[in-house]
Amino acid sequence: MKEETFRLNLASRGRRLRAGAGVRALVGETALRASDLVAPLFVTEGRESADPGPLPGLRPMSVVDLIKECRALAKLGVCGIMLFPRVETELKDEDGRAALDPDGLVLRAVRAVKAAVPGLVVMTDVALDPYTTHGHDGVLTPDRKDVDNDRTVEALARMAVLHAGAGADFVAPSDMMDGRVAAIRAALDAAGFGRTGILAYAAKFASAFYGPFREAVGSAPAAGKRAPDKRTYQLNPANRREALREVLEDLEEGADIVMVKPAGLCLDIIRDAREATLRPVAAYQVSGEYAAMVAAARAGWLDLDKARHESLLAIKRAGADMILTYFARETAEALAGK
Ligand code: PBG
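Here is what the cut-offs are and how they apply
- Residues numbered from 1 in each chain as written.
- Predicted model: local features only at pLDDT ≥ 70, side-chain atom pairs only at ≥ 80, totals over all residues.
- Heavy atoms only, no water.
- Helix = DSSP H or I, 4+ residues; strand = E, 2+ residues; numbered from the N terminus.
- Buried < 20%, exposed > 50% of the residue type's maximum accessible area, 1.4 Å probe, protein only.
- Near = heavy atom within 4 Å.
- Polar contact = N/O pair within 3.5 Å; in protein donor to acceptor, adjacent residues only side chain to side chain.
- Areas by Shrake-Rupley, 256 points an atom, 1.4 Å probe, with all protein chains shown as cover.
- 1 Å grid on protein atoms, 1.4 Å probe; cavity = no way out; pocket = protein on both sides within 12 Å on 5 of 7 lines; lining within 4 Å.
- Sits in = over half its atoms within 2 Å of the grid points.
- Nonpolar A, V, L, I, M, F, W, Y, C, P; charged D, E, K, R; others polar.
- Right-handed = clockwise from strand over helix to strand, strands pointing away.
- Pairing = 2+ DSSP bridges.
- Patch = residues over 30% accessible without salt bridge, like charges linked within 9 Å, V, L, I, M, F, W, Y side chains within 5 Å.
- Salt bridge = Lys/Arg side-chain N within 4 Å of Asp/Glu carboxyl O.
- Lys, Arg positive; Asp, Glu negative; His and termini not counted.
- Charge placed at Lys NZ, Arg CZ, Asp CG, Glu CD.
- Contact = heavy atoms within 4.5 Å.
- Points joined across faces, edges and corners; volume = space filled by probe spheres on them.

> Whenever I open this one, unusual backbone geometry confuses me. Can you help?
Trans is the prevailing form of peptide bonds, just as negative phi is the prevailing case for residues other than glycine. In this structure, P262 follows K261 across a cis peptide bond, with omega equal to 0°. Structurally, P262 can be placed in the loop between β7 (257-261) and α8 (267-276). A positive phi angle, near 60°, is found at R144, a position not held by glycine. Within the secondary structure, R144 sits in the loop between β4 (121-126) and α4 (149-166). Phi at M176 takes a positive value of approximately 70°, unusual for a residue other than glycine. Tracing the sequence through the fold places M176 in the loop between β5 (170-173) and α5 (180-190). A relative accessible area of 6% means that M176 is categorised as buried.

Listed below in structure tokens is the structure:
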């Protein structure tokens with residue numbers, strides 16, 4: 001007796017498009033390229049680079065090592081870096097005055113990188129947290145109960161002009177003070193730096209995923225319980241409309257690129273930004289996202305190569321044109337088959 005085989009009569013069988021590597025590649029909608037990536041890099045004084053600690057992607061480097069890293073990244077097709085300083089404790093003060101030192105670490109690093117690897121797009125972080133003893137992104141009011149928005153913006157605008165003068169291609173305010181993009185644009189233009197762009201951290205949430213970064217730049221005190229706290233300027237993770245409003249305001253104020261952060265936790269916000277503007281959208285896969293994957297892989301719970309690729313692809317699929325990630329170098333190496 002012949003057995004009846006069970007057959008569904010389906011007009012569509014989605015699996016036909018997933019049957020092999022070739023067809024999967026042909027119907028792939030999103031691809032990750034080295035040129036989508038921006039590497040956040042930390043520069044420190046001294047000739048020796050600081051102990052990598054458990055997270056190699058957050059190692060503060062001397063200017064000499066920074067240049068080596070930039071050469072390697074450029075060779076791999078990574079087009080940009082975002083530079084942060086690790087400032088010596090002795091140089092920090094309440095107002096973060098070292099940020100305005102005309103011979104400061106970041107300025108020397110920018111000049112050196114632009115001289116050595118001129119084609120690499122150099123972006124610099126504009127915020128006071130690496131320079132203040134309290135770790136806030138700005139200067140405090142006299143009663144020390146709040147971050148003084150307008151005095152902070154004045155300092156940021158001066159800082160941005162110094163960075164532009166050193167050769168930064170983009171300045172990146174990461175502080176979330178009101179009105180800083182317009183003030184920075186005006187200051188740059190007045191100083192003759194009309195060609196320097198602004199990448200604004202437009203939708204930056206008050207996230208628990210910035211911990212390893214704060215260790216790397218030594219801005220951890222602001223994470224403590226002492227008032228004020230960063231929630232008085234960074235966005236509430238509950239708020240989607242407010243995030244979009246910040247994006248639109250930064251664009252109106254003159255931002256060339258708007259950034260959403262932390263990327264993997266804000267895929268909806270990235271999509272909102274993508275749909276709200278024709279301007280480029282950047283996303284920052286932050287230190288805690290990186291650390292969580294690295295730690296899980298070390299415990300044997302995740303395949304790091306696959307998790308890394310998937311996490312970045314998802315950010316791109318959400319609508320990001322470029323991604324800041326501590327995985328930039330290894331992703332570019334993997335894409336190059338190294
Ligand atoms: C502060 C700044 C932070 C990060 C980038 N710029 C931390 C903070 O807001 O305290 C976090 C980046 C990361 O975690 O990778 N200006």
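> Explain the site of the ligand to me, please; I cannot follow it from the model alone.
As a structural note, the neighbourhood of the ligand is formed by 16 residues, with R214, K230, K261, S287 and Y326 the closest of them. Within the side chain of Q234, one N or O atom sits 2.7 Å away from an oxygen atom of the ligand. Expressed as a share of its isolated accessible area of 400 Å², the protein-covered part of the ligand is 100%. Judged by the fraction of its atoms near the pocket grid, the ligand is located in the largest cavity. Looking at side-chain class alone, the shell around the ligand contains 7 nonpolar, 3 polar and 6 charged residues.

> Help me understand the pairing of strand β8 (residues 281-285), please; the structure alone is not making it clear to me.
Remark: a regular strand shows side chains that alternate across the two faces of the sheet. Among the 5 residues in β8, 5 count as buried, and that is most of the element. Here β8 shows no split at all, with V281, A283 and Q285 on one side and A282 and Y284 on the other all buried. The parallel pair β7 and β8 is bridged by α8, and the resulting crossover is right-handed. Both β8 and strand β9 (residues 322-325) contribute to a ladder of 4 bridges, which runs parallel. Looking at β9, one finds that A283 is bridged to I323.

> What is the right way to look at a positive patch on the surface in this model?
Taken together, the side chains of R7, R13, R15, R16 and R18 define a basic patch exposed on the protein surface. For R15, the position within the fold is in the segment before α1 (21-26). For R15, a relative accessible area of 69% translates into the label exposed.

> For this particular structure, what's the right way to read the pattern of salt bridges?
Side-chain pairs of opposite charge can arise where the charged atoms are in close proximity. Applying the stated criterion across every chain yields a total of 24 salt bridges. Across the pair D189 and R185 runs a salt bridge whose closest N-O atoms are separated by 2.9 Å. On the criterion of helical spacing, the pair formed by D189 and R185 is a turn pair, its members being 4 residues apart in helix α5. Residue R185 is classed as buried on the basis of its relative accessible area of 13%. A salt bridge links K306 to D303, with the shortest nitrogen-to-oxygen separation between them at 3.8 Å. For K306, a relative accessible area of 60% puts it in the exposed group. Linked through salt bridges whose partners overlap, the residues forming this network are D93, D95, R97 and R151.

> Mind showing me how you'd approach the side chain of R274 here?
For R274, the location among the structural elements is in helix α8. In terms of polar contacts, R274 uses its side chain to reach the backbone carbonyl oxygen of R279, at 2.9 Å. When residues no more than four places from it in sequence are discounted, the contact partners of R274 are R279, V281, A318, G319 and D321.

> Just checking my understanding: could you explain the layout of surface pockets for this structure?
Here the largest pocket is characterised by a volume of approximately 400 Å³. Lining the largest pocket are L17, R18, R24, A25, V27, G28, E29, T30, E310, L313, A314 and R317. The set of elements that each furnish at least two residues to the lining of the largest pocket consists of α1 and α10 (304-318). Examining the composition of the lining of the largest pocket, we find that 4 residues originate from one element, α10, more than from any other. When grouped by side-chain class, the residues that make up the lining of the largest pocket number 5 nonpolar, 2 polar and 5 charged. Estimates place the volume of the second largest pocket at around 270 Å³. At the level of secondary structure, the elements contributing two or more residues to the lining of the second largest pocket comprise β1 (37-44), α2 (63-75) and α11 (328-335). Sort the elements by how many residues they give to the lining of the second largest pocket and α11 lands first, with 4 residues.

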